[in-house]
Each structure stands twice: as C-alpha cells, then as structure tokens.
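Residue strings, one per chain:
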Amino acid sequence: MSKNNDELFKNVIAHAKEYGFVFQSSEIYDGLSAVYDYGQYGAELKNNIKTYWWKAMVQLNENIVGIDSAIFMHPKIWEASGHVAGFNDPMIDNKDSKKRYRADQLLEDKIAKYDKEGKTDKAETLQLAMDDALKAEDFSRLKELIEEHEIADPVSGTRNWTEVRQFNLMFSTQFGAMAEGSDQVYLRPETAQGIFVNFLNVQKSGRMKIPFGIAQIGKAFRNEVIARQFILRMREFEQMEMQFFIKPGTEMEWFAHWKAARLKWHLALGTSPEKYRFHDHTKLAHYANAATDIEFEFPFGFKEVEGIHSRTDFDLSQHEKFSGKKLRFFDPQETDKEKQSYVPYVIETSIGLDRMFLLTLINAYEEQDLSEGDKKDSRMVLKFPPALAPIKATVLPLTKKDGLPEKARDIMDKLKLDFNLQYDEKDSIGKRYRRQDAIGTPFCITVDHQTLEDNSVTIRHRDTMVQERVNADDLEKIIGDLVSWKKVLA
RNA sequence: GCGGAAAUAGCUCAGCUGGUAGAGCAUCAGUUUCCCAAACUGAAGGCCGCGGGUUCGAAUCCCGUUUUCCGCUCCA
C-alpha cells in the first residue's frame, strides 16, 4: 500500500468512528477481534444499501422473491454442503518458512516415503498411530508423531513446528438448554444454504417457474484465522445473496447475464468504472463450472466485493442425497418426457454487505482544499449518492431568534414522515453546512428572514455548495425527486 | 499463526535521559455575528489499552496480555 493510500485508509477509518459510522465491538472492554458495530449513521447507510439491493433484485425482477431464513439450521445441512468436512483439518505451521500444512498430510507423505524406502514396518506403525490420533482428535499426539519421525518442512528444511491446531471456520454452539445430550449446531457460514433448503417451499408456495430466483440478506459467521483490514473481513458479517434456478445447459447464458447485471448495479451508483474489474476464476471450486469476482480497488488494492458463481446442481443434489427428499422442478413445457423433471442448476450472486459499505464510504470520502488566496479553507465531504445518504436533508434556521427556529420546525414536521431529516441551530451557518458535509447529507434547507415573508427557503447542495431558492411548499417534491431510487434504479 | 510497528481526551498527536498529563480540532453553555470551518468567555472530558515487575516514585524502563495497522500466510 502506498503511503498516500495508507493515509487515506486510516483517515477513512478515523472518520467512520468520529462521525458515528463504525465502532469496534466491545470497545470499552478492549474490543473483540474483527467484530465491528455500526453507529447511528452507519446503520442508516447500511440499511439504504440493503434497500438498494433488495429493490434491484427482488422488486424489479418479477421472477425473484426474497426470504429471510434462520441462522440456525439442521447440522446435517453443513455436512451436505461440505463445510463440516472441508473446514476441519488439523493444521501445523513451520515457524521458519511460515508455511502451513495439514498435519495428516505431512504424516501421509512420510508414510509413503517409508514405503518407498522399503521400511514397511515403520510405515505401518506410523499409519496406525496416526489413525488413532486422528480418530481421537488428539492433536498433541500428531505433533509428537511429527517430531518422533523427524519430519522437516520441505521448504525450510527445519523442524521448528508450532502446535497442531484445528481450524474450523464454523462457529458452533449448543442447541437445547441442557449441555449434556444436546446437539451441536453451527452459526451458518453462508446464507446460501437457507435458500437451497427452502427451494421447494418457495417454488411451490410461490408458484415459481424456472428460471426464477430466491434472494436473501442476512448474517453469516466465519471463524477466520486472521481477519483484518477493518470491516473487509469480519467474523460476523452480512451477505446479500441471490440463487437463480435455471434449466441445466443454460448456465453459461445466465452466468453472463448476471455478471453484466451485477456490474451495472454497482456502476449505477456513479462509481468510476476504472475502480471495478472482474476476476475470473481459473481454479474452480468443486461445485462450480464458472466463477468470477467483482473486485473494487480499495486503498489496499483490488479486493472481492461480490462473487458470481455457476454452482451447477451441486447444492440441490447434495440436499437430495442427505435429506432423502426430491428437490426437482417439473417442467410441463418440456416435450421430452425424460427431461421433464430435473434438479435445477444454480447461478449465485453473493455480495458482502459490509464490503459494499466500506466501498461506498471510501468512494464517497473526499478531503477538499477550498483555499482562496490567503484564506485557508478545507472541508471533509462524504459524497454519497443521495439515495444512500443516511440523512437526506437538514433544516437550518439562519439564526436562533426572530421566529426562525419555529418556522424551521414547521417545515421539518411536514417533511419528516417522508425523509430522514436533521435539525440544527447551533453554531454559525457555515459550520453547520460543513458538519452535514462530513456525514454526507446531500441537502441543507435554510430558513431565513425572507422565509417569514414569502415562504421561500434555500436548498444548499452538498457537492457544489451552491444554493437555490425555492418555495417551502415544493420541498417534498424537490427533495423527493433528488433522493429518489429512480436516480439509480431507472 | 509468524515477523514488523503502534496503543496518551471524541479525533490527530506532543510529553527529552522515570518525579503522579498537555495542545489543536471537535463537544457543551453563553455573548456577539447572520449564508459556508468567525471571534470571545467559560465548562466538561484521560487514573496514559489491561495486568504484573523494577523503583522512594512509572505514561516513560522490563515481562506478559489484548486490540489495531503493515508484510507474509490463509480465504467454498
């Protein structure tokens, strides 16, 4: 990261805290690693991003519906999805090469080596010892075996190992009040499975016909080994996912469709296209036959914000297998009887809400030098798209007397049912404008002495700092148009 | 997890070789002004991340720990 970008990122984090967007969780207790809280303006901004996504995905697509599934799910779901098996390996690090290995893999390699050297006795003994240790989940025994058999890191050649640890990315807890005899359940590591297991419910109750999508916004939890870069990688995070169910064989067409549609959604916010890029996966996960990331150029480099994956019929097939229930779509239009009933393929779009939040904040953040001649001046402004701004407008009486506050309150009362507004009468008018700039309020409505005479007010625009005089009765329409979702969705 | 750096008021930071904390901005109250950070007066806010140790005495030295940032690593 260059010094300037490093500086910029630090300033954004400081700004986010100072102005009530993001706080570290449990801060007065020294914080909890990689967990963050959203403050008064952060919560508003986050909600607006959710709304933008929900409108674009659910409301504007007749064949996409939204659900809200529970965080707790049947433990077998995670076996079916592969998360239990894939997230439970015993790992060991070499302190010199700083490489991490699967402990059982290292031992397997050694066993193979013994066999090759004709030391079959040794191989067998080790194999048995390892199997016992793995079965008992005895990690210190695994470490002992690695030491006893003098296994060295192939990279550094040293035997300077850490303890063997299990990296399970899923958080677990007990289901049922009695600790004993209760079942272990997981906090979901992704929201997608909540959609897959409700595929039939939604399809039948909503009379959905393929192609159709199910969308969901919700929290997910991953016990990341390391979680850093502010809210980019958190242990508790929120996803906005849509699973689009399609006829097998049409996946490439739909993959291309959603790739384009999702980038369009991002760019509609006015973000410079140079800040975005696709990162197509060459190495695909076992369930996917195509995958791409939409990446955004953060101050610390291009990072994934959203993933678009062609997941084939992997998930539904797995759930068929594990649940014993048929998860199929019957297509009466299909003339070929053999192909009438099938497990749909899936195109997934999955965006990290917190990452989108960070993106929006960084993108909006601007330090402006407004000096003119000798007069030094600067301002901090968050140039949020008006539809996303936490506060849409602030009503300001020019002074605290002459009945201006009363008039300002009247105007505010008429507007506050439609818009999230603030009222401010403390300090000079210029200072109040700048305060609103810092939290990204796009419009300031100023009530002055002329307002008392002809009911006109000024609207001060955040980005240009230009004011226009309008009739107070027209504010609902004017502000309404300016902050409308039509500006980004139409 | 390894290595590096850091942690002092809401924010940014100062505090030299140890003697029980300061500034600017922000906040609050007031005076004045009345359309882009004005000025003035006053106030509030910190046991210096936390826990030990050395010392007559620790924000300052040592150890541990937590958190954050950077690099590596990891990332369905």
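Residues numbered from 1 in each chain as written. Chains lettered and ligands numbered in written order. Predicted model: local features only at pLDDT ≥ 70, side-chain atom pairs only at ≥ 80, totals over all residues. Heavy atoms only, no water.

We now examine the overall build of chain A. Scanning chain A from N- to C-terminus turns up 17 helices and 23 strands. Its C-alpha atoms give chain A principal-axis dimensions of about 100 × 65 × 50 Å. Within the span of chain A, comprising 490 residues, buried residues form 48% of the whole. For chain A, restricting intrachain contacts to residue pairs at least 6 apart in sequence, the fraction spanning at least 24 positions comes to 64%. A distance of 2 Å separates the average location of the 69 positive side-chain charges in chain A from that of its 79 negative side-chain charges. (Helix = DSSP H or I, 4+ residues; strand = E, 2+ residues; numbered from the N terminus. Buried < 20%, exposed > 50% of the residue type's maximum accessible area, 1.4 Å probe, protein only. Contact = heavy atoms within 4.5 Å. Lys, Arg positive; Asp, Glu negative; His and termini not counted. Charge placed at Lys NZ, Arg CZ, Asp CG, Glu CD.)

Here we have seven strands laid out as an open sheet, ordered 3-9-10-16-13-12-11, and mixed in their pairing. With partners counted over all chains shown, the strands left at the sheet margins are strand 3 (64-67) and strand 11 (276-280), one partner each. Within the sheet, the average angular offset between the axes of one strand and its neighbour, ignoring direction, is 25°. The sheet contact formed by strand 9 (residues 212-221) and strand 10 (residues 236-246) spans 10 bridges and is antiparallel. Across the sheet, Ala220 pairs through a bridge with Phe237, a residue of strand 10. Sheet strands touched by helix 2 (residues 40-59): strand 3, strand 9, strand 10 and strand 16 (345-352). Its angle to strand 9, the strand with the most contacts, is close to 160°. (Pairing = 2+ DSSP bridges. Axes fitted to C-alpha atoms, helices over the stretch in contact; angles between N-to-C directions.)

Turning to the protein's contact with RNA strand B, a few remarks are in order. Close contacts around RNA strand B come from 45 residues, with Lys17, Arg233, Asp377, Arg435 and Met465 the closest. For RNA strand B, the fraction of atoms within 4 Å of the protein that belong to sugar or phosphate moieties is 49%. Arg233 places a side-chain nitrogen or oxygen 2.4 Å from a base oxygen of RNA strand B. Contributions of two or more residues to the surface near RNA strand B are made by helix 1 (3-18), helix 14 (429-439) and strand 22 (456-461). It is helix 14 that contributes the most residues to the surface near RNA strand B, six residues altogether. (Near = heavy atom within 4 Å. Polar contact = N/O pair within 3.5 Å; in protein donor to acceptor, adjacent residues only side chain to side chain.)

The strand order 20-19-21-22-23 describes an open sheet built from five strands, whose pairing is mixed. The open sheet terminates on both sides in strands that have one partner only, identified here as strand 20 (421-423) and strand 23 (467-471). Each adjacent strand pair in this sheet contributes to an overall mean axis angle of 25°, direction not counted. Here strand 22 runs beside strand 23; their pairing, made up of five bridges, is antiparallel. Bridging from a neighbouring strand, Arg460 pairs with Gln467 of strand 23.

For a regular strand, the rule is simple: side chains alternate between the two faces of the sheet. In terms of burial, strand 9 is a largely internal element, nine of the 10 residues being buried. Inspection of the sheet shows strand 3 paired to strand 9 by four bridges, in the parallel sense. Across the sheet, the residue bridging to Ile67 is Gln216, located in strand 9.

Evaluated as defined, the whole model comprises 20 aromatic pairs. Centroid distance Phe196 to Phe245: 6.3 Å. Interplanar angle 85°. Geometry classified as edge-to-face. Placement of the pair is Phe196 in helix 8 (residues 192-196) and Phe245 in strand 10, with a sequence separation of 49 residues. By the burial criterion, Phe196 is buried, and Phe245 matches it. (Phe/Tyr/Trp six-rings, centres within 6.5 Å; stacked < 30°, edge-to-face > 60°.)

On to helix 7 (residues 139-148), then. For helix 7, the set of buried residues is Leu142, Lys143, Leu145 and Ile146. What you see down the axis of helix 7 is that its buried residues fit within an arc of 160°, all on one side. Within two residues after helix 7, Glu150 carries a phi angle of roughly 50°, on the positive side. (Arc of directions from axis to C-beta.)

As a further point, take the packing of helix 5 (residues 103-116) against helix 7. One way to put it is that helix 5 packs onto helix 7 with a least axis distance of 10 Å and a crossing angle of 35°. Considering only the axes of helix 5 and helix 7, their crossing is left-handed. On helix 7, the residues touching Ala103, Leu106 and Leu107 of helix 5 are Leu142, Leu145 and Ile146. Broken down by class, the residue content of the contact of helix 5 with helix 7 amounts to six nonpolar, no polar and no charged. (Left-handed = near helix turned anticlockwise from the far one by under 90°. Nonpolar A, V, L, I, M, F, W, Y, C, P; charged D, E, K, R; others polar.)

For the rest of this paragraph, the subject is the environment of Tyr38. Residue position: Tyr38 is located in strand 2 (residues 36-38). In this structure the C-alpha to C-alpha distance between Tyr38 and Glu453, which are 415 residues apart in sequence, comes to 43 Å. The residues contacting Tyr38, other than those within four sequence positions of it, are Phe21, Val22, Ala43, Lys46, Ile231, Met234, Asp354 and Phe357. A polar atom in the side chain of Tyr38 sits 2.6 Å from the side chain of Asp354.

The next point concerns helix 13 (residues 404-415). Here helix 13 contains 12 residues, and its C-alpha end-to-end distance of 17 Å stays within 8% of the 16 Å for a straight helix at 1.5 Å per residue. Regarding helix 13, the residues found buried are Leu404, Pro405, Ala408, Ile411, Met412 and Leu415. What you see down the axis of helix 13 is that its buried residues fit within an arc of 125°, all on one side. Facing away from the buried side of helix 13 by more than 90 degrees, the exposed set consists of Glu406 and Lys414. In this fold, the buried residues of helix 13 make contact with strand 19 (393-397), strand 20, strand 21 (443-447), helix 15 (449-454), strand 22 and helix 16 (475-483). (Expected span 1.5 Å × (residues − 1).)

Turning our eyes to something else, we now look at the confidence of the model for chain A. With 92% of its residues at a pLDDT of at least 70, chain A reaches an overall mean of 87. Interface confidence for the predicted complex, expressed as ipTM, amounts to 0.87; the pTM equals 0.88. (pLDDT = per-residue confidence, 0-100.)

Quick look at the side chain of Thr292 now. Secondary-structure assignment places Thr292 in strand 12 (residues 290-298). Judged by relative accessible area, which is 0%, Thr292 ranks as buried. In this structure Thr292 touches Phe255, Lys259, Phe278, His279, Asp280, His281, Glu306, Gly307 and Ile308, once residues within four positions along its chain are discounted.

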